Amino acid sequence: MSSVIFMGSPDFAVAALEALIKSEHYDVKLVVSQEDKPQGRHQVLTPTPVKKLALQHNIEVFQPKTLRSPEAYEMLSSLEPDFIVVSAYGKILPQNILDIPKFGCVNLHGSLLPKYRGAAPIQWSVINGDKKTGVTSMLMNAGLDTGDILFTSETEIGENETAGELFDKLAGLCPELLIKTLNALENGTVTPIKQNDDEATYVSVLSKDMAVIDWNDRAVSIHNKIRGLSPWPVAKTSLDGKTLKIFKGVPHERNHNSAPGTVYSEKGSIFVYCGNNSVYEIAELQLEGSKRMSAADFLRGHPIKDAILI
């Protein structure tokens, strides 16, 4: 059997780890994951999804604050792994760690590299209105997602698909892609392809600051933003001084002379005038202090007349 150290933290990495555990050819010697973090209203210290899975299978878990310490190097190198597999781990691997495994460090990245290097590639592909994306397996180097490409697995992005839904879809592509990649490296049947740096784009982490909707934008751009920021941080606007989160809707092209942000209701639906002769129809929303609901349910308790969203 070939020995593997697996590095990952969130839900995205769980299916890939499961594939290795179920495989008869790969032996997961160690799982490396981020430290437990406080979550929820009561800030309960909670392990990562990857750690939870590892413990269910009695696999040792290592949660270093950094991989740059001598202790981390000694821990990983002592296992003499054939592979280190990285999937959404969330920490940088220094060169001495990259040099440990016999066949190299393999990363599963949620985009079609060299597009969307960096953090949050899945969300940004939705925000930017892309029609397709995928997962790339690559040999890691010291750069930020700059390693040689091994294989890709592509999928279409639905026009109403949220980042959360796409996240799950791409995670589902990882098991087959990972096993294919490791087998090919071991058998010498894959030729790594250098990335074209001229085609590279970089994306940043999401923040709550980017959640505010600008109704001067075209409705389709607003639609993409709402999809891309779901399930976090959720796109929002303001109605009568209260935060209004918007979860789902439909963009329309419609000539109008109304100020962007002006709201009107029609047959149980809520519409907002946007820029460039467009209108956004809100389907699901949540007003501060209330629960998430459909537009029709919202209108029963909040009749809209001459309202402006800002």
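Here, the structure is the one placed above.
Residues numbered from 1 in each chain as written. Predicted model: local features only at pLDDT ≥ 70, side-chain atom pairs only at ≥ 80, totals over all residues. Heavy atoms only, no water.

Asker: Describe in detail the overall build of the protein chain, supporting the description with residues and values.
Answerer: In terms of regular secondary structure, the protein chain is built from eight helices and 17 strands. Judged by the C-alpha coordinates and their principal axes, the protein chain covers about 70 × 45 × 30 Å. Within the protein chain, buried positions represent 50% of all 310 residues. Put simply, the protein chain shows about 15,500 Å² of open surface, and 48% of that area lies on carbon and sulfur atoms. Computing the positive centroid from 31 side-chain charges and the negative centroid from 37, the protein chain places the two 7 Å apart. (Helix = DSSP H or I, 4+ residues; strand = E, 2+ residues; numbered from the N terminus. Buried < 20%, exposed > 50% of the residue type's maximum accessible area, 1.4 Å probe, protein only. Areas by Shrake-Rupley, 256 points an atom, 1.4 Å probe, with all protein chains shown as cover. Lys, Arg positive; Asp, Glu negative; His and termini not counted. Charge placed at Lys NZ, Arg CZ, Asp CG, Glu CD.)

Asker: Can you lay out the sheet that holds strand β9 (residues 132-139) for me, pointing to particular residues and giving the numbers?
Answerer: Reading across the sheet, the seven strands line up as β5-β2-β1-β6-β7-β9-β10 and stay open at both edges, with mixed pairing between neighbours. Both edges of this open sheet fall to β5 (61-62) and β10 (148-156), since each of them pairs with a single strand only. In this structure, β9 lies alongside β10, joined through eight bridges in antiparallel fashion. Note that in β10 the partner of Ser137 across the bridge is Phe151. Each of β1 (2-8), β2 (26-32), β6 (83-87), β7 (105-109), β9 and β10 is contacted by helix α6 (residues 163-187), which is oriented at about 145 degrees to β10, the strand it contacts most. (Pairing = 2+ DSSP bridges. Contact = heavy atoms within 4.5 Å. Axes fitted to C-alpha atoms, helices over the stretch in contact; angles between N-to-C directions.)

Asker: Can you lay out the packing of aromatic side chains for me, pointing to particular residues and giving the numbers?
Answerer: Here the structure, examined in full by the defined rule, presents five aromatic pairs. Taking 5.1 Å as the distance between ring centres and 20 degrees as the angle between the ring planes, the aromatic pair formed by Phe83 and Phe103 counts as stacked. With Phe83 in strand β6 and Phe103 in the loop between α4 (95-98) and β7, this residue pair connects regions lying 20 residues apart in the sequence. Ring pairs connect the aromatic residues Tyr26, Phe83 and Phe103, which therefore count as one cluster. Residue placement shows Arg292 over the ring face of Phe247; its charged tip is 3.9 Å from the ring centre. (Phe/Tyr/Trp six-rings, centres within 6.5 Å; stacked < 30°, edge-to-face > 60°. Lys NZ or Arg CZ within 6 Å of the ring centre and 35° of its normal.)

Asker: Could you give me a rundown of helix α7 (residues 219-228), with the residues and numbers involved?
Answerer: Within α7, seven of the ten residues are buried, which leaves it mostly tucked inside the rest of the structure. On its buried face, α7 is in contact with α5 (121-127), α6, β13 (242-253), β15 (269-274) and β16 (278-287).

Asker: Talk me through the pairing of β6; I want residue IDs and the actual numbers.
Answerer: Counting buried positions along β6 gives five out of five residues, so the element sits mostly inside the fold. Alternating positions in β6 separate into two faces, Phe83, Val85 and Ser87 on one and Ile84 and Val86 on the other, with burial throughout. Strand direction decides the pairing type here: β1 and β6, joined by five bridges, are parallel. Across the sheet, Ile5 pairs through a bridge with Ile84, a residue of β6.

Asker: Give me the lowdown on the packing of helix α1 (residues 14-22) against α6, citing residues and values where you can.
Answerer: Where α1 contacts α6, the axes come no closer than 7 Å and their chain directions differ by 45 degrees. The angle between the axes of α1 and α6 places the two elements in the oblique class. The interaxial crossing formed by α1 with α6 has right-handed handedness. Every residue of α6 that contacts α1 at Ala15, Ala16, Ala19 and Leu20 is listed here: Ala171, Cys174, Pro175, Leu178, Ile179 and Leu182. Its residues placed into classes, the contact of α1 with α6 shows ten nonpolar, no polar and no charged. (Parallel < 35°, antiparallel > 145°, perpendicular 65-115°, else oblique. Left-handed = near helix turned anticlockwise from the far one by under 90°. Nonpolar A, V, L, I, M, F, W, Y, C, P; charged D, E, K, R; others polar.)

Asker: Report on the pairing of strand β12 (residues 236-239), specifying residues and quantitative values.
Answerer: Both β12 and β13 contribute to a ladder of four bridges, which runs antiparallel. Note on β13: the bridge partner recorded for Ser238 is Thr243. Linking two consecutive strands that pair antiparallel, namely β12 and β13, is a turn of two residues; a positive phi of about 55 degrees is found at Asp240 within it.

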